[in-house]
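Structural description and commentary
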Amino acid sequence: MPDIQVKLPDGSTKVVPEGSTVRDVASSIGPRLAAAAVVGRVEGALVDLDAPVRDGQAVEILTESSPVSLDVLRHSAAHVMAEAVKDLFPTARFAIGPAVEDGFYYDFDVERPFTPEDLTAIETRMREIAAEELPFRRGELDRLEALDAFEGQPYKQELISELPPAEAISIYTQGGFTDLCRGPHIPDTGRLRAFALMKVAGAYWRGDSSRPMLQRIYGTAWWSQKDLDAYLTRLEEAEKRDHRKLGRELDLFSFNEAAGAALPLYHQKGARVLRLLQEWERAELYRRGYEELITPHIYKADTWRISGHYDNYRENMYFFTIDEGEGRVTEYGIKPMNCPGHIFVYKSAVRSYRDLPLRWFEFGTVYRHELSGVVHGLMRARGFTQDDAHIFCTPEQVVPEVQAMLDIVDWAMGTFGFEYTAEVSTRPEKSMGTDEQWEIATANLFQALDERGLPYEVNPGDGAFYGPKIDIKLKDAIGRTWQCATIQVDFQNPQRFEMTYRTAENTEAQPVMLHRTILGSMERFFGILIEHYAGAFPTWLAPVQAVLVPIAERHNGYAREVAGKLASFGVRVEVDDANEPMRAKIAKAQAAKVPYMLVVGDKEASDGTVGVRERSQGDLGPMELGAFLERVYERSPLPRAYPPAGPLGGHPVELTDFPE
RNA sequence: GCCGGCGUAGCUCAAUGGUAGAGCAGCGGUUUUGUAAACCGCUGGUUGCGGGUUCGAUUCCUGUCGCCGGCUCCA
């Protein structure tokens, strides 16, 4: 048999007999590589180890150390799970089973929902299948054969009928289970060593709520038990950071059944943090040429008819009617967005091109009736406050204004050290306006991003009903991404509300409206920060910055005196004068994640100092109050000392002047 | 909204077809403390809410509200 030559990634070539497979190439390089090989890449395409290689092809052997091999493992794990389900639930019908981030899932149509016990049984069966080290074998069928092979499997039939009719359809078999699949797969089920089934949930076939609901089992799989354990530990860590849990533990906010679902109640400490975020952002916006507006929370239904919300957003809105007497009934809608108020302010005067751009912001609280199944703590609530702004400008000003917004995003994310990415969303099905308007608006967004050199992805059809948008996603401390800032171009509302301005030529023209948020929802951003910092806010944002810890009862007076001085300089302090040993007070302050504990005893009282303990560094020793104040204000991005706040809890402290 | 799970004191959790218990928190007292929790006592729950089955339900059924995990949607 003649030899052929293949190219390896390091640039060298390898001579192997004709008819060799990827596995043969690996073997010819070395037995250890052959043993470690998972899949191959031939001419850039992922293939099974069984796949043949041809003369002149570029061949790469991928082992467990290659990240893509993990996806292959997980996809194979989904097949093994499907086999286990087939064994245990013979009437099950199979949908799809892809690898996803950190794991895999498979959707099944079964007679009854899976129980946790079912999951255990399926997992046990999977371990048996893995122990059998069954090879994955690829096969090819034509369309008719495939339809025949998957008789009685309506979901597979649907998938097959959508494949290109002329092309061969690949199937994979391991043990007694055959699935429609593009591949590739791990060589045999024995490679599936570290895995776990995580949860079961309902999922619509093809994500369409009008189609049948299937049972989805999520699992995770890793190359080693160590990796699996690390993943499970990571999940536990994320759970500890859960803002809903920390929100309760740190007394930041709560929910009340009687108040209504997804309507957060901010306690003193939570309100402080939200207010601090607003102070921080407000100062910066003023610096950047914005003005603040305050507008109503409810508007007559006619307003929402003009804006298009009545037709396009109704199911998310709260409407109510009010009896005006004499049989007159007026319908109002609670605002889900802040735009109408800002538009009415615009329309309150004749506007000139000299006025533009007008940059108006509002911390506007909006209400949206979110589906009951989607609400999630502060991250997805029914009432929330947007750091909303609308820029009214000429068409020529759109690109620079969008860029200025991207600048603000960069400033805001930089404050917290968040990295972020951009996504552009284009025209959705349910929308208003002409194609031309959408094209211009979308092009403007692309131009702004391109000129700024900010990379982005495109989400076709994901725009708002009135215009395309740029969404910013940030990455938190444990690598999760969150949507915050959004920038939207709107040609619709200026037209619908008949907004105009006088041009230099003394003609009437229509302004362009830009909608934007930077943090998005203050509450969601708050939630993100809680999880990002695991509740331990930086000093400038901490609801309580310092707790005075008197050692014995006789030190309470001095503690209150010090607290009063610090409070008069805007430090947020508490005095813990409980009848408890100081060790207990320190433990409580640590648990409350307070940045500083100020221990005061005989020494401090006579020296006029405080014993500073920092929450993560421990005891820093005695410090003069002035030095401590400097420490508190060090690196604070707040524009100035936030207005004096009395201590929370404990006894009121009189504000006194700080001695020079 | 849909699928599944859950709902016991402020919080974390226990118990049973015969009518509920612990720790923390709270309150009272003792102690007066030097960097992650001192001691004693007390209070506290129509077991989310409504209906049903039952001699009897918190435990079983049902409806409803809420929460949790997904789907869909979204700031």
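Here, every reference points to the structure presented above.
In this report, the structure presented in the accompanying data block is examined.

Thresholds applied
- Residues numbered from 1 in each chain as written.
- Chains lettered and ligands numbered in written order.
- Predicted model: local features only at pLDDT ≥ 70, side-chain atom pairs only at ≥ 80, totals over all residues.
- Heavy atoms only, no water.
- Pairing = 2+ DSSP bridges.
- Helix = DSSP H or I, 4+ residues; strand = E, 2+ residues; numbered from the N terminus.
- Axes fitted to C-alpha atoms, helices over the stretch in contact; angles between N-to-C directions.
- Phe/Tyr/Trp six-rings, centres within 6.5 Å; stacked < 30°, edge-to-face > 60°.
- Buried < 20%, exposed > 50% of the residue type's maximum accessible area, 1.4 Å probe, protein only.
- Lys NZ or Arg CZ within 6 Å of the ring centre and 35° of its normal.
- Near = heavy atom within 4 Å.
- Polar contact = N/O pair within 3.5 Å; in protein donor to acceptor, adjacent residues only side chain to side chain.
- Expected span 1.5 Å × (residues − 1).

Sheet strands line up and pair through hydrogen bonds in the backbone, either parallel or antiparallel. Taking strand neighbours across the sheet as the criterion, the 5 strands line up as 30-29-31-32-33 in an open arrangement whose pairing is mixed. Edge positions in the open sheet fall to strand 30 (573-575) and strand 33 (618-624), since each of these has one partner strand only. Looking at each pair of strands side by side, their axes are set apart by 25° on average, direction ignored. Sheet topology places strand 29 (residues 546-550) next to strand 31 (residues 596-600); 5 bridges connect them, and they run parallel.

Let us look at unusual backbone geometry. A cis amide bond links G183 to the next residue, P184, at an omega of -5°. Structurally, the position occupied by P184 is in the loop between strand 11 (177-180) and strand 12 (194-204). Residue L356 is joined to P357 through a cis peptide bond whose omega torsion reads 0°. In this fold, P357 is placed in the loop between helix 12 (339-346) and strand 20 (358-367).

Quick look at the packing of aromatic side chains now. Applying the stated criterion across every chain yields a total of 35 aromatic pairs. Pairing Y106 with F108 gives two aromatic rings, centres 5.0 Å apart and planes at 15°, and the pair type is stacked. Take Y106: its relative accessible area is 1%, and that puts it in the buried class. A connected cluster of aromatic rings, assembled from ring pairs, spans F89, F94, Y106, F108, F114 and F177. One residue, R314, lies across the ring of Y310, its end atom 4.4 Å from the ring centre.

Here we come to the sheet that holds strand 19 (residues 328-334). As summarised here, the arrangement of the 3 strands in space is 17-19-18, forming an open sheet in which the pairing is antiparallel. Two strands lie at the open edges of the sheet, namely strand 17 (298-300) and strand 18 (319-325), each paired on one side alone. Across the sheet, the mean angle separating the axes of adjacent strands is 35° when strand polarity is ignored. In this structure, strand 18 lies alongside strand 19, joined through 6 bridges in antiparallel fashion. Within strand 19, the position partnered with G325 by the bridge is R328.

Right, let's get into the protein's contact with RNA strand B. Near RNA strand B lie 54 residues; those nearest to it are R380, Q483, E553, N579 and R583. Interatomic distance of 2.7 Å between a side-chain N/O atom of R244 and a phosphate oxygen of RNA strand B. Elements represented by at least two residues in the surface near RNA strand B include exactly strand 12, strand 13 (213-222), helix 8 (243-249), strand 25 (481-490), strand 28 (512-521), helix 18 (582-591) and helix 19 (602-607). Looking at the surface near RNA strand B, the element that brings in the most residues is helix 18, giving 7 residues.

Look at helix 13 (residues 398-416): 28 Å from first C-alpha to last across 19 residues, which is about the 27 Å you get at 1.5 Å a residue. Within two residues after helix 13, G417 carries a phi angle of roughly 75°, on the positive side.

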